[in-house]
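If you want the building blocks of each chain, they are given just below.
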Amino acid sequence: MSRSRFALAVLFFAALLVPTAPAHAAYTMICTGYASCTDKGYSSSGYSTHKGTSYWNMYTGTNCTNYVAYRLVTTNGMPNKRPKAGVGNAQDWGTAMASVTDSRPSVGSVAWWGRTGRHVAYVEKVVSSTEVWVSESNWSGAFDWRKITKSGSGWPDGFIHFSDQVLKNTARPTLGGTPTVGEALSPSVGKWTVMGNKYVYQWTADGKAIAGATAKSYTPTPAVVGKDLALKVTASRSGWDSGTASSTASEVQPGTVAPGTPSVSGSARVDEPLTASPGVWSPTPTTFSYQWSVAGTPVAGATSTTFVPRPADAGRAVNVSVTGVRTGYVPAASTSPAVTISAGELRSTAPPAVTGTPAVGARLAADPGTWSGSGLSYDYQWLVAGTTVPGATSSTYTPVAADHAKTVSVRVAAHGVGYSTTSATSAPSAKVATGTFSAPSPTIVGAIRLGSTPSIDPGTPPVPGATATFQWLRDGVAKAKATAASRTIIASDLGKKLSGRVTWSAPGYDPVTVTSAATAAAKATAALKVTATPAKGKVTFAVSLSATGLASPDASIVVARRGGGHKTFTIKAGRGSYTLKGQSAGTSTYTLTYAGTSTITSATTTLTSRIK
């Protein structure tokens, strides 16, 4: 085809695309002319210098179709290629693009008059669903901006959405800080080509939406600790297609618990429990654990809310460390101020008691009772009738005579390491009874002979201060007035057995009487004197018998020769003689014997005589 013929064909085709003037509409002219509109801030987006170029193979210059095509290419980013063959004359655009044509205005869409006129314009601003601002180029005028309202006629027959302008993010949203459990984030929505007037938020963890997390501000929970947190922002603005952008993800850090100040309550004494209070923490931990320390050293096993100071803790400082644990948070610890432990106060849980039967001379013992402490020692003080007994400080006490008919009690002072000394007194005993004792058996010392003076030996006094009284008995019968320790044997005693009765008496004691064993019968002492006169074949004995204190008695005398035979002869009044015949010559030994009686002792004499 020749160049001239080609030019004619182009002109013919272009003539098909020439739009007619728009139908009359209810509008307000904002500005007219490239320079005037630019001065007022309403740009033609550079069309004044590009109108000589054909876009989408439209007719160049001042006309609506080429201007709109220019804007769709340069502003909306569409390719410089007509999207469809039917897009030619302005009146056909909406029909050809019916699939993307509706009644909803949006920035970057094409306002189309196809049934009420033959015109297209570029939508610059959507004020509302009933007001739009457009920029346009017309055959009748170079360029203008108009505000069109839906009241009256002239509202576009439709809006063609080739490629509406979308709110585009130019700077990503930010989280507003390091995501940490329990700490609220105040993010920014980032920057957009046109800032939206409405934003929708969705927080995500590891790329997954967090249920309910759709507010701008978000406080990470323990459920997302360790996960990558991000904020997805959807920006919207009337007349614009919504845009979406997400922040850079950041790992959620464990939260920090602000610990409270623990405190310790209680009397701070040995054996009296202390109680720990954790104080006010934020947020409140799920669990608390405790560790008690004494003088800065943790006490093994002391991990409950209470601690009972031990005796060894007296005078030392005690405190408690509390550790709070909450899921999603770093454990925190805090220590209470220390308290100084005072000595424990011992308590008598069972009073002391006096054991034993209270009687003079009977030993009593102290039962210290039971006490609240452990490892204790005790001091004692005995009291009689409520008055302390000097020196009576052992665990036993023996009542003395002065205590008779009085009560006895004991005061016990308990003390131990870590405790203050505390005393308790027993109940009084029954009144001290008279004492009893065992006395030794007395003995009779001395010969029981007429005229002799035997005595009663009472033995050692059975108790200190004891005194003895005596009574002589004759054949078991008390002898009147015979109450001295010793007595002389008289004639009436002869033939009788004597014994001594001793009665011991001591203040505060019952008297005790004991009796000695009976002696042999009392007797007079016999004296036998004999002389021998030998003769041939015989010997004559002259006998004299006496009894101390008595008249010489009649008596039978027995004479016996050593080696053979004996003879009995009698004497009168203590005197007599007897000739023993038939004796062999030579020296012989003879024994003469007086057998005695119940009142006189026996007597024997031995002599030697030489028979002729």
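These remarks concern the structure in this document. Every value quoted in this text rests on a predicted model; they were computed, and no experiment measured them. (Residues numbered from 1 in each chain as written. Predicted model: local features only at pLDDT ≥ 70, side-chain atom pairs only at ≥ 80, totals over all residues. Heavy atoms only, no water.)

Tallying secondary structure elements over the protein chain gives four helices and 48 strands in all. In terms of overall size, the protein chain is more extended than a compact globule, its C-alpha atoms giving a radius of gyration of 73 Å where 612 residues would be expected to give roughly 25 Å. In terms of overall dimensions, the protein chain has a C-alpha envelope of 230 × 55 × 35 Å along the principal axes. Here the protein chain, with 612 residues, has 41% of them falling under the buried criterion. Counted over contacts in the protein chain with a minimum sequence separation of 6, partners at least 24 positions apart contribute 59%. Roughly 29,800 Å² of accessible area belongs to the protein chain as shown, and the carbon and sulfur atoms make up 54% of that amount. When the 53 positive and 26 negative side-chain charges of the protein chain are each reduced to one mean point, those points stand 24 Å apart. (Helix = DSSP H or I, 4+ residues; strand = E, 2+ residues; numbered from the N terminus. Rg over C-alpha atoms; globule rule 2.2 N^0.38 Å. Buried < 20%, exposed > 50% of the residue type's maximum accessible area, 1.4 Å probe, protein only. Contact = heavy atoms within 4.5 Å. Areas by Shrake-Rupley, 256 points an atom, 1.4 Å probe, with all protein chains shown as cover. Lys, Arg positive; Asp, Glu negative; His and termini not counted. Charge placed at Lys NZ, Arg CZ, Asp CG, Glu CD.)

It is worth spelling out the side chain of T605 at this point. As for its position among the elements, T605 is in strand β48 (residues 603–611). For T605, the side chain forms a polar contact with the main-chain oxygen of L528, separated by 2.9 Å. Once residues within four sequence positions are removed from consideration, T605 is found in contact with L528, V530, Y590, T591 and L592. (Polar contact = N/O pair within 3.5 Å; in protein donor to acceptor, adjacent residues only side chain to side chain.)

Another aspect to go through is the nonpolar core. Most often, soluble globular proteins keep nonpolar side chains buried together rather than apart. In terms of nonpolar packing, the biggest core is built from 90 residues, with W192, W203, I210, W292, W382 and F437 touching the most fellow members. One finds C31, C64, Y67 and W112 within the second-largest nonpolar core, a separate group that totals 30 residues. (Core = buried A, V, L, I, M, F, W, Y, C linked by side-chain atoms within 4.5 Å.)

Our focus in this paragraph is the pattern of salt bridges. For the structure on display, the rule yields six salt bridges. With a shortest N-O distance of 2.6 Å, D493 and R474 are connected by a salt bridge. With D493 in the loop between β39 (477–478) and β40 (498–505) and R474 in strand β38 (residues 467–474), the pair connects residues that are 19 residues apart, well separated along the chain. One network of salt bridges, in which partners are shared, links R474, R487 and D493. (Salt bridge = Lys/Arg side-chain N within 4 Å of Asp/Glu carboxyl O.)

Attention shifts here to the sheet that holds strand β5 (residues 131–136). Strand order in the open sheet formed by seven strands is β1-β6-β5-β4-β3-β7-β2, and the pairing between neighbours is antiparallel. The sheet is open, and its two edges are formed by β1 (27–32) and β2 (101–102), each paired on a single side. For strand β4 (residues 119–128) and β5, the ladder comprises five bridges, and the chain directions are antiparallel. In the strand pairing of β5, K125 is matched with W133. Contacts between helix α3 (residues 64–74) and the sheet are confined to β3 (110–113), β4 and β5, with β4 contributing the most and set at about 55° to the helix. (Pairing = 2+ DSSP bridges. Axes fitted to C-alpha atoms, helices over the stretch in contact; angles between N-to-C directions.)

Taken as a whole and judged by the stated rule, the model has 20 aromatic pairs. Measuring from centroid to centroid gives 4.9 Å for Y42 and W145, while their planes differ by 50°, and the two rings are tilted. Highlighted residues: Y42 in the loop between α2 (34–39) and α3 and W145 in strand β6 (residues 144–149), separated in sequence by 103 residues. Ring centres 5.2 Å apart and planes at 50° place the aromatic pair Y47 and Y70 in the tilted group. Placement of Y47 in the loop between α2 and α3 and of Y70 in helix α3 is noted, with a sequence separation of 23 residues between them. An aromatic cluster of three or more residues is present, and its members are Y34, Y47, Y55, Y67, Y70 and F143. Seen from the ring of Y122, R71 lies directly overhead, with NZ or CZ sitting 4.0 Å from the centre. Over the ring of Y27 we find R146, and its NZ or CZ is 4.5 Å from the ring centre. (Phe/Tyr/Trp six-rings, centres within 6.5 Å; stacked < 30°, edge-to-face > 60°. Lys NZ or Arg CZ within 6 Å of the ring centre and 35° of its normal.)

Here we take up α3. Counting buried residues along α3, 10 of its 11 residues qualify, which places the element largely inside the surrounding structure. All buried positions along α3 are accounted for by C64, T65, N66, Y67, V68, A69, Y70, R71, L72 and V73. Buried positions along α3 lie against α4 (93–96), β3, β4 and β5.

Volume-wise, the largest pocket comes out at about 280 Å³. Forming the boundary of the largest pocket are 14 residues, of which V107, E124, K125, V194 and W240 lie nearest the centre. The greatest single-element share of the lining of the largest pocket, amounting to three residues, is contributed by β4. Grouping the constituent residues of the lining of the largest pocket by class yields six nonpolar, four polar and four charged. (1 Å grid on protein atoms, 1.4 Å probe; cavity = no way out; pocket = protein on both sides within 12 Å on 5 of 7 lines; lining within 4 Å. Points joined across faces, edges and corners; volume = space filled by probe spheres on them. Nonpolar A, V, L, I, M, F, W, Y, C, P; charged D, E, K, R; others polar.)

Tracing the sequence through the fold places S556 in strand β44 (residues 555–561). Residues S556 and R269 lie 287 residues apart in sequence; the distance between their C-alpha atoms is 104 Å. If we skip the residues at most four places from it in the chain, S556 touches T568, F569, T570, T593 and Y594.

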